[in-house]
Amino acid sequence: VAAYLVHGLDAADRRTLYGEMRRVSRGTVLLHDFAPGAIRAWSPTGILERLERSHYREFGRAGTDELRRTFESVRVIRQSKTVAWYLCSG
């Protein structure tokens, strides 16, 4: 389980993290993070994420596809307008 972690990592670090999660998990990996495309650039969250220099926009665009390159099964379950669970296995 990881919450609000992956959007802060660049693509290379996300790939490394996903690989390690798959290696050490005994089944399903649960990621709790921003939903794909959910954060608007000029929203309060978008402004804060830019100030933090996180990679939320990149994760919003490519995160699900990146996960699918590592895991056999990826299910995105929206929890709200801006948050999703990513259930990954295999």
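What counts, and where the lines are drawn
- Residues numbered from 1 in each chain as written.
- Predicted model: local features only at pLDDT ≥ 70, side-chain atom pairs only at ≥ 80, totals over all residues.
- Heavy atoms only, no water.
- Core = buried A, V, L, I, M, F, W, Y, C linked by side-chain atoms within 4.5 Å.
- Buried < 20%, exposed > 50% of the residue type's maximum accessible area, 1.4 Å probe, protein only.
- Helix = DSSP H or I, 4+ residues; strand = E, 2+ residues; numbered from the N terminus.
- Contact = heavy atoms within 4.5 Å.
- Bend = angle between axes of the 7 residues up to and from the residue.
- Pairing = 2+ DSSP bridges.

(A) Main features of the nonpolar core. If you look at the biggest cluster of nonpolar residues, it comprises 15 residues, and the most contacted ones within it are Tyr18, Leu31, Leu67, Phe71, Tyr86 and Cys88. Listed by contribution, the elements that provide at least two residues to this core are α1 (11-24), β2 (29-34), α3 (56-70) and β4 (83-89). Sorting elements by how many residues they give to this core places β4 first, with three residues. Setting aside residues no more than four positions away along its own chain, leucine 67 makes contact with Tyr18, Leu31, Val74, Tyr86 and Cys88.

(B) Expanded view of α3. For α3, the principal kink sits at alanine 62 and spans about 60 degrees. Looking only at α3, the buried set comprises Tyr56, Phe59, Gly60, Gly63, Thr64, Glu66, Leu67 and Thr70.

(C) Local environment of the environment of lysine 81. Relative to the assigned elements, lysine 81 resides in the loop between β3 (73-78) and β4. For lysine 81, a relative accessible area of 76% corresponds to the exposed category. Separated by 46 residues in the primary sequence, lysine 81 and alanine 35 place their C-alpha atoms 7.5 Å from one another. Once residues lying within four places of it in the same chain are set aside, the contact partners of lysine 81 are Ala35 and Ala38.

(D) Focus on the sheet that holds β3. Strands sit in the order β1-β2-β4-β3 across an open sheet of four strands; the sheet is mixed. Two strands in the sheet have a free side with no partner beyond their single neighbour: β1 (2-3) and β3. In the sheet, β1 pairs with β2 via two bridges, with the strands oriented parallel. Note on β2: the bridge partner recorded for alanine 2 is leucine 31.

In short, the description is geometric, and any link to function would need to be established separately.
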